[in-house]
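# Examining the three-dimensional arrangement
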Amino acid sequence: MSKDNKKWAGDTQDHLADWLLEAEYADEEDSDGEDSDDDDLPDLTVEVNNDGHPCLPKGFGSLKLKHRQKVVRTVFQKAYSLITNNPRAPVPWGEVSEEPGHYLDLECIPKNVVIKDPSHLQKDTIATIYSHWTDHASHGSPIISFVGKKPDYVHVTSDEEDHLKKIDDGKSLLDEDEDNLDIAPIADSSPQYHVTRDMVSYLKSLSTIPSYHRLLAAVQKLPTRTDSKARKQQLPIWVSWTWSQAYLPKDIHENMETASAALENLCNYKFNSRGWGLIVVLGLGLLLRECSHAQEYEEDEARVDVPDYLGNSILGFELGDQIVNKIAGIEAKVKAVWKDENLGLSVVRQDIEKRHEEERKKLKENQKAEEARVIEEKRAMEEKRVEDEKRAMEKKRVEEEARLAEEASKAEKRVRKSNVKGRGKRPAADVKVPSKKKVKSSPPDPPRRSGRDKVASKKYNA
């Protein structure tokens, strides 16, 4: 089995949800025909800041509902990739919905809003989330932040990995050098059959005892670690995801000391991670199932593939009660690990909160500095305006004085010119002009006529 298959083992449903969502968008766009042209597609890119946190999407209000859902999904994906250090790690929406506080910084989520797969979010819910993100962005805080992650896959030992690789190559441990030998079939009720499927569901199916299911739920909340020190501890060969048989070995059914020793090894197994804790849960579940098989065995009704040694098995209520009692002790150890992890998680959250507080403080300082800068600019502009007005008034005064001086000069010139023209023509004011006396004159004497004139007159009159 390849490592990629192991990584897919715990996240099959999430990958399928992502794929179905992409297919749904593709079908809608193809059927509508509105977005068939790449030029008409809106920009759904989500940027990240220098710390890797997703930025507030731009142009969000103008998008259609399906595009808003896709942008919200991208924002969560960007934030989740920051904590997983894997940009392709899918967000475990089902677990996030059930335990949001285990995965998300709850300050980034509006109250009374249930976070689930964005493809199922309604328009009003998305608007509420975006408004909350906008408020966070305005205060310089990340719009969304993950504080926990889902394990990529359940850890197996190096021996198990080698064994699985040989199975992938079509070889078993006994005949790896004999390619022509037949390979034993893998039982569909065996751990190996489910290692590439839903392993948690398989573990749940092993027993119906409530305390067993509580232990399984508690172990799933443990963190994922790749450097766990549980590898060197001893466990029975069948307590492994490489066990390919439907039933446990015969010696478990024939020797109570062997069964009790296996149970003791499971109880003493030290782990502090989800993957290795599930190994212990697997061993306990297989023991409980085997006790049920032994109790329910009926020789005349048994199938051909059921081993005969179940009929003489020593397993039964006695070992079942021992297992139930041991489960309580193991669950207490898991809760003790919880406290340590919660303390560590609390420290992490405190660090995150401290960083957020520093960012908010820095933002406030920047805002105050910006406000001071704006006030100083306004003051400088006002001073410049007043100074410009003074200069303009002074300039206007000078121009007015110059204009008046010029008009006075012109008037003086006109006066001088008129004075020059009037010299010697006008009498002086102190010279008296003699008055002329009026003398009565007699009418003039009529003209005297000559004799010639007289004769001529007579001739004319005749």
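Above this text sits the structure in question.
Read on for an overview of the structure. (Residues numbered from 1 in each chain as written. Predicted model: local features only at pLDDT ≥ 70, side-chain atom pairs only at ≥ 80, totals over all residues. Heavy atoms only, no water.)

## Some remarks on the overall build of the protein
In terms of regular secondary structure, the protein is built from 15 helices and zero strands. A burial count over the protein gives 33% of its 462 residues as buried. Intrachain contacts of the protein at a sequence separation of at least 6 include 75% that bridge at least 24 residues. With the model as given, the accessible surface of the protein reaches about 30800 Å², and the carbon-plus-sulfur share is 51%. (Helix = DSSP H or I, 4+ residues; strand = E, 2+ residues; numbered from the N terminus. Buried < 20%, exposed > 50% of the residue type's maximum accessible area, 1.4 Å probe, protein only. Contact = heavy atoms within 4.5 Å. Areas by Shrake-Rupley, 256 points an atom, 1.4 Å probe, with all protein chains shown as cover.)

## Here we look at the packing of aromatic side chains
Under the counting rule described, the total for this entry stands at six aromatic pairs. Geometrically, the ring pair formed by F76 and W93 is edge-to-face, given 5.2 Å between the ring centres and 70 degrees between the ring planes. Separated by 17 residues along the polypeptide, F76 in helix α3 (residues 65-84) and W93 in helix α4 (residues 93-98) bring together distant segments of the chain. Neither residue differs from the other here; F76 and W93 are each classed as buried. Members of the aromatic cluster, connected to one another through ring pairs, are F76, Y80, W93, W133 and F146. (Phe/Tyr/Trp six-rings, centres within 6.5 Å; stacked < 30°, edge-to-face > 60°.)

## Focus: the side chain of S81
Among the structural elements, S81 can be located in helix α3. A polar contact of 2.7 Å, which involves the side chain of S81, links it to the backbone oxygen of K78. Residues within four places of S81 in sequence aside, it is in contact with N86 and P87. (Polar contact = N/O pair within 3.5 Å; in protein donor to acceptor, adjacent residues only side chain to side chain.)

## Regarding the nonpolar core
Grouped together as the largest cluster of nonpolar side chains are 44 residues, with contacts concentrated most on L203, W238, L284 and I323. Breaking this core down by element, the ones donating at least two residues are α9 (199-205), α10 (210-220), α12 (256-268), α13 (274-296) and α14 (317-421). The greatest single-element share of this core, amounting to 12 residues, is contributed by α13. Contact partners of L203, with chain neighbours within four places excluded, come to Y212, L216, W241, L278, V281 and L282. Counting residues in each nonpolar core, the second largest holds 27 residues, with L63, F76, V91 and I143 among its members. (Core = buried A, V, L, I, M, F, W, Y, C linked by side-chain atoms within 4.5 Å.)

## So, α13
An ideal rise of 1.5 Å per residue puts 33 Å on 23 residues; α13 measures up with 32 Å between its terminal C-alpha atoms. Most of α13 sits inside the fold, with 19 of its 23 residues counted as buried. (Expected span 1.5 Å × (residues − 1).)

## Looking at the environment of V239
Within the secondary structure layout, V239 lies in the loop between α10 and α11 (250-254). Between the C-alpha atom of V239 and that of L287, which follows or precedes it by 48 residues, the distance is 9.6 Å.

## Thoughts on the pattern of salt bridges
Throughout the structure, instances matching the rule amount to 20 salt bridges. With a shortest N-O distance of 2.3 Å, R373 and E370 are connected by a salt bridge. Pair noted here: R373 and E370 are both in helix α14, with a separation of three residues, about one helical turn. In this structure E370 comes out as partly exposed when scored by relative accessible area, which is 37%. Two residues, R397 and E401, come together in a salt bridge whose shortest N-O distance is 2.5 Å. Within this pair, R397 and its partner E401 are both found in helix α14, separated by four residues, close to a single helical turn. On the basis of relative accessible area, R397 is assigned to the partly exposed category, the value being 38%. One continuous salt-bridge network, built from bridges that share partners, spans K384, E387, D388 and R391. (Salt bridge = Lys/Arg side-chain N within 4 Å of Asp/Glu carboxyl O.)

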